Amino acid sequence: MPYTPHRLPDDCRNMNEIRSEIDNIDYAIIQLLSIRFGYVKAASKFKKNTADVQASERFKSMLEKRQHWAEEQGLNGEVIKTLYSDLVKYFITEELKEFERK
(Lines give C-alpha, C1' and ligand atoms only; values in the text may rest on other atoms or scores of the structure.)
Protein backbone atom coordinates (compact mmCIF):
# COMPACT_ATOMS: atom_id res chain seq x y z
CA MET A 1 0.00 0.00 0.00
CA PRO A 2 2.38 2.74 -1.17
CA TYR A 3 1.72 6.35 -0.36
CA THR A 4 1.25 8.71 -3.28
CA PRO A 5 1.91 12.33 -2.38
CA HIS A 6 -0.18 15.13 -3.81
CA ARG A 7 3.01 17.15 -4.19
CA LEU A 8 6.66 16.21 -3.89
CA PRO A 9 8.66 18.11 -1.26
CA ASP A 10 10.37 20.38 -3.80
CA ASP A 11 7.02 21.15 -5.48
CA CYS A 12 5.41 22.55 -2.32
CA ARG A 13 4.86 26.28 -2.59
CA ASN A 14 4.32 27.10 1.08
CA MET A 15 4.31 25.71 4.62
CA ASN A 16 0.62 24.83 4.46
CA GLU A 17 1.25 22.47 1.54
CA ILE A 18 4.22 20.92 3.34
CA ARG A 19 2.22 20.47 6.55
CA SER A 20 -0.68 19.00 4.61
CA GLU A 21 1.58 16.40 3.00
CA ILE A 22 3.15 15.55 6.35
CA ASP A 23 -0.31 15.12 7.89
CA ASN A 24 -1.37 12.87 4.99
CA ILE A 25 1.75 10.76 5.38
CA ASP A 26 1.27 10.43 9.14
CA TYR A 27 -2.35 9.40 8.65
CA ALA A 28 -1.28 6.74 6.13
CA ILE A 29 1.37 5.47 8.56
CA ILE A 30 -1.21 5.22 11.35
CA GLN A 31 -3.62 3.37 9.05
CA LEU A 32 -0.86 0.88 8.21
CA LEU A 33 0.00 0.45 11.89
CA SER A 34 -3.64 -0.35 12.57
CA ILE A 35 -3.60 -3.00 9.83
CA ARG A 36 -0.34 -4.37 11.25
CA PHE A 37 -1.97 -4.56 14.67
CA GLY A 38 -4.76 -6.70 13.20
CA TYR A 39 -2.16 -9.22 12.08
CA VAL A 40 -0.52 -9.13 15.51
CA LYS A 41 -3.82 -9.97 17.19
CA ALA A 42 -4.54 -12.72 14.65
CA ALA A 43 -1.12 -14.25 15.32
CA SER A 44 -2.09 -15.03 18.91
CA LYS A 45 -4.33 -17.89 17.73
CA PHE A 46 -1.27 -19.71 16.37
CA LYS A 47 0.80 -19.40 19.52
CA LYS A 48 0.88 -22.00 22.25
CA ASN A 49 2.21 -20.00 25.21
CA THR A 50 3.32 -16.56 26.35
CA ALA A 51 6.92 -17.27 25.30
CA ASP A 52 5.63 -17.76 21.75
CA VAL A 53 3.83 -14.41 22.00
CA GLN A 54 6.94 -12.62 23.23
CA ALA A 55 9.18 -14.39 20.65
CA SER A 56 12.35 -12.74 21.91
CA GLU A 57 14.59 -14.03 19.07
CA ARG A 58 12.09 -12.88 16.44
CA PHE A 59 11.82 -9.51 18.21
CA LYS A 60 15.60 -9.05 18.11
CA SER A 61 15.97 -10.05 14.45
CA MET A 62 12.97 -7.91 13.45
CA LEU A 63 14.54 -4.84 15.10
CA GLU A 64 17.83 -5.43 13.32
CA LYS A 65 16.06 -5.74 9.98
CA ARG A 66 14.08 -2.51 10.54
CA GLN A 67 17.31 -0.75 11.50
CA HIS A 68 18.92 -1.95 8.27
CA TRP A 69 15.90 -0.91 6.19
CA ALA A 70 15.98 2.55 7.78
CA GLU A 71 19.64 2.97 7.02
CA GLU A 72 19.02 1.91 3.40
CA GLN A 73 16.49 4.75 3.20
CA GLY A 74 18.91 7.31 4.63
CA LEU A 75 17.37 7.39 8.10
CA ASN A 76 19.02 6.98 11.47
CA GLY A 77 18.76 3.25 12.08
CA GLU A 78 19.06 3.54 15.85
CA VAL A 79 16.14 5.97 16.01
CA ILE A 80 13.95 3.68 13.88
CA LYS A 81 15.04 0.66 15.91
CA THR A 82 13.96 2.44 19.11
CA LEU A 83 10.67 3.49 17.53
CA TYR A 84 9.92 -0.10 16.47
CA SER A 85 11.03 -1.45 19.81
CA ASP A 86 8.50 0.76 21.60
CA LEU A 87 5.79 0.01 19.05
CA VAL A 88 6.27 -3.74 19.10
CA LYS A 89 6.48 -3.87 22.90
CA TYR A 90 3.05 -2.21 22.93
CA PHE A 91 1.77 -4.70 20.34
CA ILE A 92 3.17 -7.64 22.35
CA THR A 93 1.37 -6.38 25.46
CA GLU A 94 -1.86 -6.21 23.49
CA GLU A 95 -1.23 -9.60 21.88
CA LEU A 96 -0.72 -11.13 25.34
CA LYS A 97 -4.15 -9.80 26.32
CA GLU A 98 -5.61 -11.39 23.18
CA PHE A 99 -3.78 -14.64 23.89
CA GLU A 100 -5.13 -14.76 27.44
CA ARG A 101 -8.71 -14.28 26.19
CA LYS A 102 -8.62 -17.46 24.10
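Conventions we followed
Residues numbered from 1 in each chain as written. Predicted model: local features only at pLDDT ≥ 70, side-chain atom pairs only at ≥ 80, totals over all residues. Heavy atoms only, no water. Helix = DSSP H or I, 4+ residues; strand = E, 2+ residues; numbered from the N terminus. Rg over C-alpha atoms; globule rule 2.2 N^0.38 Å. Contact = heavy atoms within 4.5 Å. Areas by Shrake-Rupley, 256 points an atom, 1.4 Å probe, with all protein chains shown as cover. Buried < 20%, exposed > 50% of the residue type's maximum accessible area, 1.4 Å probe, protein only. pLDDT = per-residue confidence, 0-100. Core = buried A, V, L, I, M, F, W, Y, C linked by side-chain atoms within 4.5 Å. Axes fitted to C-alpha atoms, helices over the stretch in contact; angles between N-to-C directions. Left-handed = near helix turned anticlockwise from the far one by under 90°. Nonpolar A, V, L, I, M, F, W, Y, C, P; charged D, E, K, R; others polar. Salt bridge = Lys/Arg side-chain N within 4 Å of Asp/Glu carboxyl O.

Colleague: Tell me about the overall build of the protein chain, and please be specific about residues and values.
Modeller: Tallying secondary structure elements over the protein chain gives 4 helices and 0 strands in all. In terms of C-alpha radius of gyration, the protein chain reaches 17 Å, well past the compact-globule figure of 13 Å for 102 residues. For the protein chain, the spread of C-alpha atoms along the principal axes amounts to about 55 × 25 × 20 Å. Long-range contacts, defined here as pairs at least 24 residues apart, represent 59% of the contacts in the protein chain between residues at least 6 apart. Surface summary for the protein chain: the accessible area is close to 7800 Å², and the carbon and sulfur share equals 55%.

Colleague: Lay out the environment of Ile18 in plain terms, naming residues and giving numbers.
Modeller: Relative to the elements of secondary structure, Ile18 occurs in helix H1 (residues 15-43). Looking at Ile18, the relative accessible area reads 32%, which means it is partly exposed. The spacing of Ile18 and Arg7 is 11 residues in sequence and 8.5 Å in space, taken between C-alpha atoms.

Colleague: Residues and numbers for the confidence of the model for the protein chain, please.
Modeller: Residues with a pLDDT of 70 or more make up 98% of the protein chain, whose mean pLDDT is 92. By mean pLDDT, the top-scoring element of the protein chain is helix H3 (residues 56-72) (96), and the lowest-scoring one is helix H2 (residues 50-54) (83).

Colleague: I'd like to hear about the nonpolar core, residue by residue, with values.
Modeller: Membership of the largest hydrophobic core is limited to 8 residues, which are Val53, Phe59, Met62, Leu63, Val88, Ile92, Leu96 and Phe99. Secondary-structure elements contributing two or more residues to this core are H3 and helix H4 (77-101).

Colleague: Go over the packing of H3 against H4, please, and point to the residues and values.
Modeller: At a closest axis distance of 8 Å, the pairing of H3 and H4 adopts a crossing angle of 140°. Where H3 crosses over H4, the handedness of that crossing is right-handed. For the pair formed by H3 and H4, the contact residues are Phe59, Met62, Leu63, Arg66, Gln67, Ala70 and Glu71 on the first element and Gly77, Glu78, Ile80, Lys81, Tyr84, Ser85, Val88, Lys89 and Ile92 on the second. Split by residue class, the contact of H3 with H4 holds 8 nonpolar, 3 polar and 5 charged.

Colleague: Kindly report on the pattern of salt bridges, identifying the contributing residues and their values.
Modeller: Under the defined criterion, the tally for this structure stands at 4 salt bridges. With a closest N to O distance of 3.3 Å, Arg7 and Glu17 form a salt bridge. Of the two residues, Arg7 sits in the segment before H1 while Glu17 sits in helix H1, which places them 10 residues apart along the sequence. Among the residues examined, Arg7 registers a relative accessible area of 29% and is labelled partly exposed. Taking the relative accessible area as the measure of exposure, Glu17 reaches 13% and is therefore buried. Between Lys97 and Glu94 there is a salt bridge whose closest N-O contact spans 3.1 Å.

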